[in-house]
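Residues per chain, in single letters:
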Amino acid sequence: MPANIVVGTQWGDEGKGKIIDIISSRADVVVRSQGGNNAGHTVVNNGEVYKLHLIPSGILYKDTLCLIGAGVVLDPKDFIGELDSLESRGISTVNLKIDPRAHVVMPWHITLDGLSETFRGGKDIGTTKRGIGPTYMDKYERCGIRMYDLVHPDVLAEKIQSTGKLKNKIITEVYNGEAYDLDKVTAEYIEYGKRLAPYVDDVSVLTFDAEKAGKTIMFEGAQATLLDIDFGTYPYVTSSHPLSAGVCVGTGVGPKVITNIIGVAKAYTTRVGKGPFPTELDDEIGKKIRETGGEFGTTTGRPRRTGWFDAVIVRHSVRVNGLDSLAINKLDTLANLDTLKICVAYKKPDGTVTENFPPVLEELDGCTPVYEEFEGFTEDISKCTSFDELPENCKKYITRLEELVGCHVSMVGIGPDRSQILER
Ligand code: IMP
């Protein structure tokens, strides 16, 4: 049975939530495999807006099994808030499971995220300050606290004492910050553990069994390719692997389970946080795209930086993710611009041209976009019901984009609602 992966192909916020929601309405199991509450999915369903950070969007369907894999980092306080908010709106969370191996975001991770960003001065990464990087640091340092520990008070108390002491030392002696009262933290987190204990189960086994039973599975990506710790714009990246390959290690399934990989992009580009952005529009057009497209972060509310569609970036994503098809969102946002541009290649400082995304920032530095121009469109496309109904200029734009990135465009988004998607 199909096992789809949905991944972001740019710097996140491509509208994955909507594509994921469409696919999860057809899936028996929805799995999240990396990242934490740095992510934000907005799903609009029957006019109701749901903002999800950690809980898979399959939760909106009462029979869908929703799984949070070992590769996720989970802030229990925030997570319980999300559970409460869904339950208060009549959405049941009984079908939700969290892997015991998933790491827990502790309060000192959030503090250290903020302190190290401040310490970097003007060279900060622009993180979401949700403690994501420091939690993954502890995971790889092998001193992290996991979901299993959270729901076993004795283990938790012991781990908080051992790791907390070191964290307090770093906070106070390196950063001159304030130490945590470890007994207080223990008491608070034991309560979170009690609340979350019924949700803990082996997600690798559940996913394997679902696949064997012929269920339809969807792996929902968080963040995006250019934020991948290895294949993104390091160091302006997140601390996990949002690539399609990250799904296997983050869930505990073999790659042969995957049958289809869908990339999501916007018809233009956005980015939050710092770091390079070759097609950025720091002008009236960029502002217009931001306002028309409502480009403000779901998690932090920060205004997103905006720019033209960059085929170099999406071509890189097609390759590193092994994409089978692409969904292009928010084409409607580009209405009423006289000219549309797509970046087809980069011109390097030595005058040579490359179609491949440079592997390191030092090589990206000084590259300027080479654009192809297209006539804009003024029609309201939000009510089109098929790709053929789109204005000629829209069709030309999408068809050329498809050629440039080397991947079939199977869906085109023309508005925020779940129904406003043209499937090809
Ligand atoms: P962190 O993940 O909070 O450590 O932030 C690292 C970088 O990833 C920052 O530039 C964030 O803005 C960016 N980032 C993290 N999660 C998302 C997301 O879901 N969408 C867009 N950008 C994100």
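On a predicted model such as this, the values are computed, not experimentally measured, just so you know.

### Here we look at the packing of aromatic side chains
In this description, a pair of aromatic rings is defined by centroid distance and the angle of the planes. Scanning all chains against the criterion turns up six aromatic pairs. Each ring, one from W11 and one from F277, has its centre 5.3 Å from the other, and the planes form 55°; the classification is tilted. Residue W11 is found in the loop between β1 (3–8) and α1 (16–24), and its partner F277 is found in the loop between β11 (269–271) and α10 (284–292); the two are separated by 266 residues along the sequence. A single burial state applies to W11 and to F277, both of which are buried. Residues F374 and Y397 carry aromatic rings whose centres are separated by 5.5 Å and whose planes lie at 80° to one another, so their mutual orientation is edge-to-face. Placement of the pair is F374 in strand β17 (residues 368–375) and Y397 in helix α13 (residues 392–405), with a sequence separation of 23 residues. The residues F374 and Y397 share a single accessibility class, namely buried. Here the basic side chain of R89 rests over the ring of Y50, its NZ or CZ set 4.2 Å away from the ring centre. R424 extends its terminal NZ or CZ atom over the ring of F387, reaching a point 4.1 Å from the ring centre.

### What about the pattern of salt bridges?
Oppositely charged side chains may form a pair once their charged atoms are brought near each other. All chains considered together, the criterion is met by 27 salt bridges. With a shortest N-O distance of 3.4 Å, D149 and K159 are connected by a salt bridge. Here K159 lies in helix α6 (residues 153–174) and D149 lies in helix α5 (residues 147–150), a separation of 10 residues in the sequence. Overall, D149 belongs to the buried group, its relative accessible area being 5%. The exposure class assigned to K159 is partly exposed, which follows from its relative accessible area of 28%. Three or more residues joined by partner-sharing salt bridges are found here, namely D13, K266, E295, R304 and K330.

### Some points on the domain arrangement of the chain
What the domain assignment reports for the chain is domain 1 (3–98 + 200–261), domain 2 (103–196) and domain 3 (265–423). Taking the mean C-alpha position of each, domain 2 and domain 3 sit 38 Å from one another. In this complex, domain 2 contributes seven residues to the contact, which on the side of domain 3 involves five residues. Counting each side, the surface lost to burial between domain 2 and domain 3 is near 430 Å², with a carbon and sulfur contribution of 42%. Along the contact surface separating domain 2 from domain 3 lie one salt bridge. With a shortest N-O distance of 2.9 Å, K274 and D124 are connected by a salt bridge. Applying the counting rule to domain 2 against domain 3 returns three residue pairs in polar contact (both at pLDDT 80 or more). Class assignment for the residues of the side of domain 2 that touches domain 3 results in one nonpolar, four polar and two charged.

### A few points about the packing of helix α3 (residues 107–119) against helix α4 (residues 132–141)
One way to put it is that α3 packs onto α4 with a least axis distance of 7 Å and a crossing angle of 115°. Regarding α3 and α4, the two cross each other, and that crossing is right-handed. Two secondary-structure elements touch here, α3 through H109, L112 and D113 and α4 through I132, P134, T135 and D138. Grouping the constituent residues of the contact of α3 with α4 by class yields three nonpolar, two polar and two charged.

### Some details on the state of the cysteines
Scanning the model with the defined rule gives zero disulfides in all. Just so you know, C367 is unpaired, no disulfide at all, and the nearest cysteine sulfur is the one on C343, 9.6 Å from it. When its relative accessible area of 11% is taken as the criterion, C367 is described as buried.

### Some thoughts on the site of the ligand
Taken together, 15 residues surround the ligand, and among them D13, N38, T128, T238 and R302 come closest. Between D13 and the ligand, the recorded distance is 3.3 Å, taken from a side-chain N or O atom to a nitrogen atom. Here an oxygen atom of the ligand sits 2.6 Å away from a polar atom, N or O, in the side chain of T128. In isolation the ligand exposes 470 Å². Once the protein is present, 97% of that is buried. Of the residues belonging to the shell around the ligand, the class tally is six nonpolar, seven polar and two charged.

### Here's the deal with the sheet that holds strand β14 (residues 325–329)
On the basis of which strands lie adjacent, the open sheet formed by nine strands has the order β7-β5-β2-β9-β1-β10-β14-β18-β19 and mixed pairing. Looking at strand neighbours, the two that pair on one side only are β7 (96–98) and β19 (421–423), the edges of this open sheet. Ignoring which end each strand starts from, the neighbouring axes of this sheet average 20° apart. Strand direction decides the pairing type here: strand β18 (residues 409–413) and β19, joined by three bridges, are antiparallel. Paired with V412 across the bridge in β19 is L422.

### Focus: the packing of α3 against α6
Angle between the axes and distance between the axes: these two values describe a pair of packed helices. Relative orientation of the contacting elements α3 and α6 amounts to 20°, with a least axis distance of 11 Å. The angle between α3 and α6 falls in the class roughly parallel. At the point where α3 passes α6, the crossing takes the left-handed sense. Where α3 approaches α6, its residues W108, T111, L112 and L115 are matched on the opposing element by I160, T163, G164, K167, I170 and I171.

### As for the side chain of T186
Mapped onto the fold, T186 is located in helix α7 (residues 182–196). Ignoring any residue separated from it by four or fewer positions in sequence, one finds T186 in contact with L156, A157 and I160.

Procedures and definitions
Residues numbered from 1 in each chain as written. Predicted model: local features only at pLDDT ≥ 70, side-chain atom pairs only at ≥ 80, totals over all residues. Heavy atoms only, no water. Phe/Tyr/Trp six-rings, centres within 6.5 Å; stacked < 30°, edge-to-face > 60°. Helix = DSSP H or I, 4+ residues; strand = E, 2+ residues; numbered from the N terminus. Buried < 20%, exposed > 50% of the residue type's maximum accessible area, 1.4 Å probe, protein only. Lys NZ or Arg CZ within 6 Å of the ring centre and 35° of its normal. Salt bridge = Lys/Arg side-chain N within 4 Å of Asp/Glu carboxyl O. Domains from an automatic or database assignment. Contact = heavy atoms within 4.5 Å. Buried area = accessible area lost by both parts, 1.4 Å probe. Polar contact = N/O pair within 3.5 Å; in protein donor to acceptor, adjacent residues only side chain to side chain. Nonpolar A, V, L, I, M, F, W, Y, C, P; charged D, E, K, R; others polar. Axes fitted to C-alpha atoms, helices over the stretch in contact; angles between N-to-C directions. Left-handed = near helix turned anticlockwise from the far one by under 90°. Disulfide = S-S within 2.5 Å. Near = heavy atom within 4 Å. Areas by Shrake-Rupley, 256 points an atom, 1.4 Å probe, with all protein chains shown as cover. Pairing = 2+ DSSP bridges. Parallel < 35°, antiparallel > 145°, perpendicular 65-115°, else oblique.

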